[in-house]
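# Geometric and topological summary
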Amino acid sequence: MNPSSNQIKILAGVFSLVTAGLLAVLKLWVGVSQGSLALLASALDSGLDFLTSSVNLYALHQAARPADSEHRYGYGKAEAIAGLFQSLLVAVSGGWILFHAARHFLKPKAEIPEISSLYVMLVSLVLTTFLVLYQRSVIRKTGSLLVSADHLHYVSDLLGNLLVLLSVALAMQTGWDWVDPLAGAVVSLYLLKGAWEIFKKSTDILMDRDLSHEYRDSILRVVKGRSPQVLGYHDLRTRSAGERRFLEFHLEMPKNLTLEESHKILDSILDELKEEFPYTEVLIHPDPVEVNRNGRTLLDREAPRFY
Ligand SMILES: [Zn+2]
Ligand SMILES: [Zn+2]
């Protein structure tokens, strides 16, 4: 596993933990001193963010552990487990916003927050913007599923805060009170869509969904480059454990090759695939093929299941 990519991911986890913690303390402090119920509720929200971000950080830390004798394929799936929970959380908050938007449509009322909570919201907006931008760069570098899930969560907070400010400003300027529920509905749909994508990616990893199509062309090219000794391949199987992926297939070779010769061919194919896919572990099982005038016969115990 690439150590620097793990460090970047964990740093992103620490960053979101610190942001949520700071915001929770700030909102609690101002909320208590001003006696603002809205701010106390918002402090509770940040407290929950702090909790989920600590779970995420723990999962990122777990996922970064190298393979050991108890987990010989590594700990990569920790990200997918946490991602699954995170997607459910985001879906619930998306559903909640949608429900509220629908209710406000039926009975619009512009809620004007107090000045103190507007200031706190502004601070939270700035801090969350920094966090979200930083997470974006981490996602671009590492493609981390869990950082994406955390990112979606904070984008939802950011959009939520922005919307409150925007709809308050609009309501004060124009008297339009339908802007708030409409914007809320749009944000909630965005959240539900994002939650669905993360849910799907997490379950794909947990369920070992096949990725063969990403490898097929390269395997064919590498395998064909070894001819005439390599006659074909079958039973290609792939799965992902987050960043680490696993690829295995059976290689068809003439039955009269020596063990040394076939091992050499296998190693050279392994080397070439490893170079092309640095995060993929490859396992090749050799199968003997009888070649004579009548054609080729695969000497395998079972017929191939996949190609
Ligand atoms: Zn086979
Ligand atoms: Zn070997």
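Calculation notes
- Residues numbered from 1 in each chain as written.
- Chains lettered and ligands numbered in written order.
- Predicted model: local features only at pLDDT ≥ 70, side-chain atom pairs only at ≥ 80, totals over all residues.
- Heavy atoms only, no water.
- 1 Å grid on protein atoms, 1.4 Å probe; cavity = no way out; pocket = protein on both sides within 12 Å on 5 of 7 lines; lining within 4 Å.
- Points joined across faces, edges and corners; volume = space filled by probe spheres on them.
- Helix = DSSP H or I, 4+ residues; strand = E, 2+ residues; numbered from the N terminus.
- Axes fitted to C-alpha atoms, helices over the stretch in contact; angles between N-to-C directions.
- Parallel < 35°, antiparallel > 145°, perpendicular 65-115°, else oblique.
- Left-handed = near helix turned anticlockwise from the far one by under 90°.
- Nonpolar A, V, L, I, M, F, W, Y, C, P; charged D, E, K, R; others polar.
- Donors = N, O, S within 2.8 Å, 3.2 Å for Na, K, Ca; no water.
- Tetrahedral: all angles 85-135°; square planar, octahedral: opposite > 155°, others 65-115°.
- Domains from an automatic or database assignment.
- Contact = heavy atoms within 4.5 Å.
- Buried area = accessible area lost by both parts, 1.4 Å probe.
- Salt bridge = Lys/Arg side-chain N within 4 Å of Asp/Glu carboxyl O.
- Polar contact = N/O pair within 3.5 Å; in protein donor to acceptor, adjacent residues only side chain to side chain.
- Core = buried A, V, L, I, M, F, W, Y, C linked by side-chain atoms within 4.5 Å.
- Buried < 20%, exposed > 50% of the residue type's maximum accessible area, 1.4 Å probe, protein only.

## A look at empty space enclosed by the protein
Under the defined criterion, the tally for this structure stands at two cavities of 30 Å³ or more. Here the second largest cavity defines a volume of roughly 40 Å³. Looking at the second largest cavity, the residues that line it are Ala 12, Gly 13, Ser 16, Asn 56, Leu 60, Gln 135, Leu 146, Val 147 and Asp 150. Put simply, the parts of the chain that give the lining of the second largest cavity at least two residues each are α1 (3-34), α2 (37-63) and α5 (145-174).

## Observations concerning the packing of helix α4 (residues 115-142) against α5
α5 packs onto α4 with a crossing angle of 150° between their chain directions and a minimal axis gap of 9 Å. One finds that α4 runs roughly antiparallel with respect to α5. You can see that α4 and α5 cross each other, and the crossing is left-handed. Looking at side-chain class alone, the contact of α4 with α5 contains 15 nonpolar, seven polar and two charged residues.

## Thoughts on the coordination of the zinc ion (ligand 1)
Every protein donor of the zinc ion (ligand 1) is accounted for by His 234 (NE2), His 250 (ND1), Asp 287 (OD) and Asp 300 (OD), and the metal-donor separations fall at 1.9 to 2.1 Å. Considering all four donor atoms around the zinc ion (ligand 1), the spread of angles at the metal, 94 to 149°, places the coordination shape in the irregular class.

## Describing the domain arrangement of the protein chain
For the protein chain, the domain assignment lists domain 1 (3-206) and domain 2 (212-298). Taking the mean C-alpha position of each, domain 1 and domain 2 sit 45 Å from one another. Between domain 1 and domain 2, the contact holds seven residues from the first and six residues from the second. Summed over both sides, the interface between domain 1 and domain 2 buries roughly 590 Å², with carbon and sulfur atoms accounting for 48% of that surface. When the buried surface of domain 1 facing domain 2 is broken down by residue, Tyr 73, Lys 77 and Ile 205 rank first, second and third, together holding 63% of it. Put simply, domain 1 and domain 2 have one salt bridge between them. Ionic pairing is found between Glu 243 and Lys 9, a salt bridge with its closest N-O pair at 3.0 Å. Applying the counting criterion to the domain 1 and domain 2 interface returns two residue pairs in polar contact (both at pLDDT 80 or more). Each residue belonging to the side of domain 1 that touches domain 2 can be placed in one class, and the counts come to two nonpolar, three polar and two charged.

## So, the side chain of Glu 243
Locating Glu 243 in the fold gives a position in the loop between β1 (232-241) and β2 (244-254). A distance of 3.0 Å separates a polar atom in the side chain of Glu 243 from a polar atom in the side chain of Lys 9.

## Some remarks on the side chain of Gln 86
Tracing the chain through its elements places Gln 86 in helix α3 (residues 77-106). Here His 153 takes part through its side chain, which lies 3.1 Å from a polar atom of the side chain of Gln 86. Not counting residues up to four positions away in its chain, the partners in contact with Gln 86 are Thr 52, Asn 56, Ala 149, Asp 150 and His 153.

## Comments concerning the nonpolar core
If you look at soluble globular proteins, the nonpolar side chains tend to sit buried side by side. Counting 20 residues, the largest nonpolar core has Ile 219, Leu 247, Phe 249, Leu 251, Ile 269, Leu 273 and Ile 284 as its most contacted members. Ignoring anything within four residues of it in the chain, the contact list for Leu 247 reads Tyr 215, Ile 219, Leu 236, Arg 237, Thr 238, Leu 273, Thr 280, Glu 281, Val 282 and Leu 283. Leu 152, Leu 163, Val 187 and Ile 198 belong to the second largest nonpolar core, which has 19 residues in total.

## Section: the layout of surface pockets
Within this model, the second largest pocket holds a volume of roughly 460 Å³. Together, 20 residues line the second largest pocket, and Lys 201, Ile 205, Ser 240, Gly 242 and Arg 245 are the ones closest to its centre. Those elements that place two or more of their residues in the lining of the second largest pocket are α4, α5, α6 (179-206) and α7 (212-224). It is α6 that provides the largest number of residues to the lining of the second largest pocket, a total of three residues. Each of domain 1 (3-206) and domain 2 (212-298) contributes no fewer than three residues to the lining of the second largest pocket.

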